[in-house]
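# A look at the structure
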Amino acid sequence: SYSVTGVQTCALPIFLLEAFENPRGIIIATTNLKDCLDEAYSRRFDLTLELTSPGEAERQRMWDVLLPKKIPGRDALDLSQLAKHNLKGGQIVKIVRNVGLYLACGTAKHKKLTTELVTEFCLQEINQSFETGSSSRKSIGFLNKSEVK
């Protein structure tokens, strides 16, 4: 017996491989699961680029560019200290947005930007990240017999 999900799962790789074989233009494909791709896909790419996580210097530049200069306390921030947190660009954008909302709400105990405040938001982001978050996070899926009590 066939399930709709099973048929869709099998059809998707075939559809993608056909699209790569007979493109009607430029195909740009992105993934953060490169190691999970079948080798059949890799032979169909003319060019591949690997974008690595930003280093400390790049993170410091991101903090400098993304934090608006007009926020009170911005000039006193220690951007080199913030750059020590191993964050990706999207995480830094999220932190900047969340700190801005926190300060703008008017009820915040902090009235200006400080390195300590931004660091709190950095640590919060790191702790809730799927990659680096708490090991106490419950995994989703099937349990081993040894885990059932």
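As a reminder, the structure under discussion sits directly above these lines.
As a convention, each chain's residues are numbered from 1 in the sequence order in which they are written. Thresholds applied to this predicted model are a pLDDT of at least 70 for local features of residues and 80 or more for the giving and counting of side-chain atom pairs; totals over whole chains, interfaces and linings are not thresholded and use all residues. Side-chain metrics rest on all non-hydrogen atoms present in the structure, leaving aside hydrogens and water.

### A closer look at helix α6 (residues 115-128)
To be explicit about the condition: Labels follow the DSSP assignment, with helices taken as runs of H or I lasting at least four residues and strands as runs of E lasting at least two, numbered in each case from the N terminus. Multiplying one less than the number of residues by 1.5 Å gives the expected span of a helix. Any residue under 20% of the maximum accessible area for its type is buried, any over 50% is exposed, and the rest in between are partly exposed; the area is computed with a 1.4 Å probe on protein chains only. Here, residues are in contact when the closest pair of their heavy atoms is within 4.5 Å.
Taking 1.5 Å as the rise per residue, α6 with 14 residues should run 20 Å; its terminal C-alpha atoms sit 20 Å apart, in good agreement. Taken residue by residue, α6 has Thr115, Leu117, Val118, Thr119, Phe121, Cys122, Glu125 and Ile126 as its buried positions. Where α6 is buried, its residues contact α3 (56-66), α4 (79-82) and α5 (89-104).

### Focus on the packing of aromatic side chains
Spelled out, the test is: We call Phe, Tyr and Trp rings a pair once their centres come within 6.5 Å, taking the six-membered ring for Trp, and we label the pair stacked below 30 degrees between planes, edge-to-face above 60, and tilted otherwise.
This model, assessed by the stated rule, comprises one aromatic pair. Relative to phenylalanine 121, the ring of tyrosine 102 has its centre 5.5 Å away and its plane inclined at 65°; by these criteria the two rings are edge-to-face. Within this pair, whereas tyrosine 102 is found in helix α5, its partner phenylalanine 121 is found in helix α6, the two being separated by 19 residues in sequence. Residue classification places tyrosine 102 among the partly exposed residues on the basis of a relative accessible area of 25%.

### A look at the nonpolar core
The condition is simple: By nonpolar core we mean a set of buried residues, namely Ala, Val, Leu, Ile, Met, Phe, Trp, Tyr and Cys, connected to one another through side-chain atoms within 4.5 Å.
If you look at the biggest cluster of nonpolar residues, it comprises 17 residues, and the most contacted ones within it are Trp63, Leu67, Leu87, Ile95, Val99, Leu113 and Val118. The set of elements that each furnish at least two residues to this core consists of α4, α5 and α6. Once residues within four sequence positions are removed from consideration, isoleucine 95 is found in contact with Trp63, Leu87, Val118, Phe121, Cys122 and Glu125.

### Describing the pattern of salt bridges
Pairs may arise between side chains of opposite charge once their charged atoms sit close together. Counted only if it meets this: By convention in these notes, a salt bridge is any Lys or Arg side-chain nitrogen within 4 Å of a carboxyl oxygen on Asp or Glu.
Across all of its chains, the model carries five salt bridges by this definition. Residue lysine 69 is joined to aspartate 64 by a salt bridge in which the shortest nitrogen-to-oxygen separation is 3.2 Å. Overlapping salt bridges, with partners in common, bring together Arg61, Asp64, Lys69 and Arg74 in one network.

### Quick look at the environment of asparagine 98
Structurally, the position occupied by asparagine 98 is in helix α5. Considering only alpha carbons, one finds asparagine 98 and valine 118, 20 residues apart in sequence, at a separation of 9.5 Å.

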